[in-house]
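Geometric and topological summary
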Amino acid sequence: MEPALAAVITNEPTGFNGYNWGARISEYSSLKLVSDPAIAHPLPDVAVYENPGEVFTLNGVTFGKIQYRFYKDQLGGIQLTFEGRENREKLRQWIEERYGKVPLPERRQKNIEWHGKSTVINLGYDIITKQGRLWFIYLLLTPFDNSTTDTSGY
């Protein structure tokens, strides 16, 4: 079996769906801190918000939940949850059209990743629970040390 390869982002996003990397929480008055304290503050300097009642559909996929992660009060990640394998495929196609093709061996992985200079897109799906997650992560605003990791694929 061949090792999985990450796709290279060809069109680096500056955020997602009108939310911009590095924006302060004060710029999004509709966002509210997640009510569950275990989720709201998963790590030091990280706060998780959601927009109550938000409904978002992308390429025919309606997301069950969207959470916005702020690191030191700046937007650094967005997580969207969905159900169903067919929705995973719709999202993979949408991401490939905008950000770059995935190597064929990668399509069979539980998590598909696209790597750019400062952004990682991760599309994960669990065949047992039929639950999936789409992550947009801005590496410059993450609580993890990425200084020794080159994610660009270059």
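Residues numbered from 1 in each chain as written. Predicted model: local features only at pLDDT ≥ 70, side-chain atom pairs only at ≥ 80, totals over all residues. Heavy atoms only, no water.

Looking only at helices and strands, the protein chain has two helices and 12 strands in total. Along the protein chain, helices (α) and strands (β) appear in the sequence β-β-β-β-α-β-β-β-β-β-α-β-β-β when read from the amino end. Scored against the burial criterion, the 154 residues of the protein chain give a buried share of 46%. Taking the contacts inside the protein chain whose residues are at least 6 apart along the sequence as the reference set, 54% of them involve residues at least 24 apart. Roughly 8600 Å² of accessible area belongs to the protein chain as shown, and the carbon and sulfur atoms make up 52% of that amount. (Helix = DSSP H or I, 4+ residues; strand = E, 2+ residues; numbered from the N terminus. Buried < 20%, exposed > 50% of the residue type's maximum accessible area, 1.4 Å probe, protein only. Contact = heavy atoms within 4.5 Å. Areas by Shrake-Rupley, 256 points an atom, 1.4 Å probe, with all protein chains shown as cover.)

Below, the discussion takes up the sheet that holds strand β4 (residues 32-33). If you walk across this open sheet you meet the eight strands as β1-β10-β11-β12-β9-β8-β5-β4, and the pairing is mixed. Two strands lie at the open edges of the sheet, namely β1 (7-8) and β4, each paired on one side alone. Where strand β5 (residues 46-50) meets strand β8 (residues 65-71), four bridges bridge the pair, whose relative direction is antiparallel. Each bridged residue has a counterpart across the sheet, and for valine 48 the counterpart in β8 is arginine 69. Running at roughly 160 degrees to strand β11 (residues 119-126), helix α2 (residues 85-99) makes contact with β1, β9 (74-83), β10 (111-115), β11 and β12 (131-138) of the sheet. (Pairing = 2+ DSSP bridges. Axes fitted to C-alpha atoms, helices over the stretch in contact; angles between N-to-C directions.)

Next up on the list: the confidence of the model for the protein chain. With 86% of its residues at a pLDDT of at least 70, the protein chain reaches an overall mean of 88. pLDDT under 50 marks residues 147-154. Its contacts with residues more than four places away, or in other chains, come to 13 contacts. (pLDDT = per-residue confidence, 0-100.)

Buried residues dominate β11, accounting for seven of its eight residues. Relative to β11, β10 runs antiparallel, the two being bridged by five bridges. From the neighbouring strand, asparagine 111 faces β11, where its bridge partner is glycine 124. Between β10 and the antiparallel strand that follows it, β11, lie three residues. Where β11 meets β12, eight bridges bridge the pair, whose relative direction is antiparallel. Counted as the bridge partner of aspartate 126 is glutamine 131 from β12.

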